[in-house]
Amino acid sequence: MAEIHKTTMTPTKLELLADWLPGRPWYRGGEGAVPALEKAGGFRLDDPEGEVGIEFAVVADTSGEEVHAYLVPMTYRAAPLEGAEGALIGTSEHGVLGTRWIYDGAHDPVLAAELAALLAGRAVPQAQSVSDTPDPTVEASFDGTGAFDTSAAPVVEDGAYGTDLRLGADAPLLLRLARVLDPKATGSRGHVIADWRLPDGEERRGAYVLVFDAA
């Protein structure tokens, strides 16, 4: 089980994301926008090897007239991930663990494998900010038809509404990270559903991840 350290990170995750988000094709802030981010929810998964931190974080951006909640899966590593330079969100000094390389988790094979395990019922979602504590509010559903190929790094495609992961070049299934969260979003083959909270206190619940047949 992952241990959550109560310590500092410099720069903070929100500071790193404020620089990173405007360059994403699914960011709604518009050209020149400066995000104003608040933590809004999420959960974690455990790396069986205990080497990589895995967090499905939600941040709310209050910089515009409309508040948007963004899903940002992140992985935390003690050394750079080879071949993933373009997926690096940034580095941060952790008060206990030292330098951490923080990646957009969509490009990290460890996150992809554990997300597939969650959908298959082999992984248990963990509380975002408490050590060794399952999060029973996270619902993972998959109809069981087909298989996720996690033998290689995911093939990743960013779009205006989300990020698609094909687990293996010939994978029959597609996982879509719902980057701009919408309570009405649904997947045809399965989903991961969890909660988030807007800055005004409104509680929302919907799909973080959607499962479809690959075209």
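Refer to the structure presented above.
Residues numbered from 1 in each chain as written. Predicted model: local features only at pLDDT ≥ 70, side-chain atom pairs only at ≥ 80, totals over all residues. Heavy atoms only, no water.

A tally of helices and strands in the protein chain yields two helices and twelve strands. Starting at the N terminus, the α and β elements of the protein chain follow one another as β-α-β-β-β-β-β-α-β-β-β-β-β-β. Against the compact-globule benchmark of 17 Å for 215 residues, the protein chain has a radius of gyration of 16 Å, which places it among compact chains. For the C-alpha atoms alone, the extent of the protein chain along its principal axes is close to 40 × 40 × 35 Å. Out of the 215 residues belonging to the protein chain, those deemed buried represent 47%. Contacts spanning at least 24 positions in sequence make up 58% of the contacts within the protein chain whose residues lie at least 6 apart. When the accessible surface of the protein chain is summed, it comes to about 10,300 Å², and 50% of that surface belongs to carbon and sulfur atoms. Treating the 17 positive side-chain charges of the protein chain as one cloud and the 34 negative ones as another, the clouds have centres 3 Å apart. (Helix = DSSP H or I, 4+ residues; strand = E, 2+ residues; numbered from the N terminus. Rg over C-alpha atoms; globule rule 2.2 N^0.38 Å. Buried < 20%, exposed > 50% of the residue type's maximum accessible area, 1.4 Å probe, protein only. Contact = heavy atoms within 4.5 Å. Areas by Shrake-Rupley, 256 points an atom, 1.4 Å probe, with all protein chains shown as cover. Lys, Arg positive; Asp, Glu negative; His and termini not counted. Charge placed at Lys NZ, Arg CZ, Asp CG, Glu CD.)

What follows is about the sheet that holds strand S12 (residues 203-213). Strand order in the open sheet formed by six strands is S7-S11-S12-S10-S9-S8, and the pairing between neighbours is antiparallel. Two strands close off the open sheet at either side, each with one partner strand: strand S7 (139-142) and strand S8 (155-158). For this sheet, the mean angle separating the axes of adjacent strands, direction not counted, is 20°. (Pairing = 2+ DSSP bridges. Axes fitted to C-alpha atoms, helices over the stretch in contact; angles between N-to-C directions.)

Throughout the structure, instances matching the rule amount to seven aromatic pairs. Summarising the aromatic geometry, the rings of Trp 20 and Trp 26 are spaced 6.0 Å apart at their centres and angled 65° between planes, so their arrangement reads as edge-to-face. A centroid spacing of 5.9 Å and a plane angle of 45° characterise the contact between Trp 26 and Tyr 70, whose relative ring orientation is tilted. Taken together, the residues Trp 26 in the loop between helix H1 (13-20) and strand S2 (37-45) and Tyr 70 in strand S4 (residues 68-77) connect sequence positions 44 residues apart. Under the relative-accessibility criterion, Trp 26 is labelled buried at 0%. Taken together, the ring pairs in this structure connect Trp 20, Trp 26, Tyr 27 and Tyr 70 into an aromatic cluster. (Phe/Tyr/Trp six-rings, centres within 6.5 Å; stacked < 30°, edge-to-face > 60°.)

Here Val 110 shows up in helix H2 (residues 109-119). Through-space distance from the C-alpha of Val 110 to that of Thr 150 is 8.8 Å; in sequence the pair is 40 residues apart. Contact partners of Val 110, with chain neighbours within four places excluded, come to Asp 47, Val 52, Ile 54 and Arg 77.

Turning to the pattern of salt bridges, a few remarks are in order. All told, the structure shown has eleven salt bridges when counted by the stated rule. Between Arg 44 and Glu 55 there is a salt bridge whose closest N-O contact spans 3.5 Å. Taken together, the residues Arg 44 in strand S2 and Glu 55 in strand S3 (residues 53-61) connect sequence positions eleven residues apart. Neither residue differs from the other here; Arg 44 and Glu 55 are each classed as buried. Residue Arg 189 is joined to Asp 143 by a salt bridge in which the shortest nitrogen-to-oxygen separation is 2.6 Å. Note that Arg 189 is positioned in the loop between strand S10 (173-177) and strand S11 (190-197) and Asp 143 in the loop between S7 and S8, a separation of 46 residues in sequence. (Salt bridge = Lys/Arg side-chain N within 4 Å of Asp/Glu carboxyl O.)

To continue, consider the side chain of Arg 44. Judged by relative accessible area, which is 14%, Arg 44 ranks as buried. A distance of 2.7 Å separates a polar side-chain atom of Arg 44 from the backbone oxygen of Gln 128. (Polar contact = N/O pair within 3.5 Å; in protein donor to acceptor, adjacent residues only side chain to side chain.)

Quick look at unusual backbone geometry now. Phi is mostly negative for residues that are not glycine, and the peptide bonds are mostly trans. The omega torsion across Thr 10 and Pro 11 is -5°, close enough to zero to call that bond cis. Look at Asp 132: it is not a glycine, yet its phi comes out positive at around 50°. Relative to the assigned elements, Asp 132 resides in the loop between H2 and S7.

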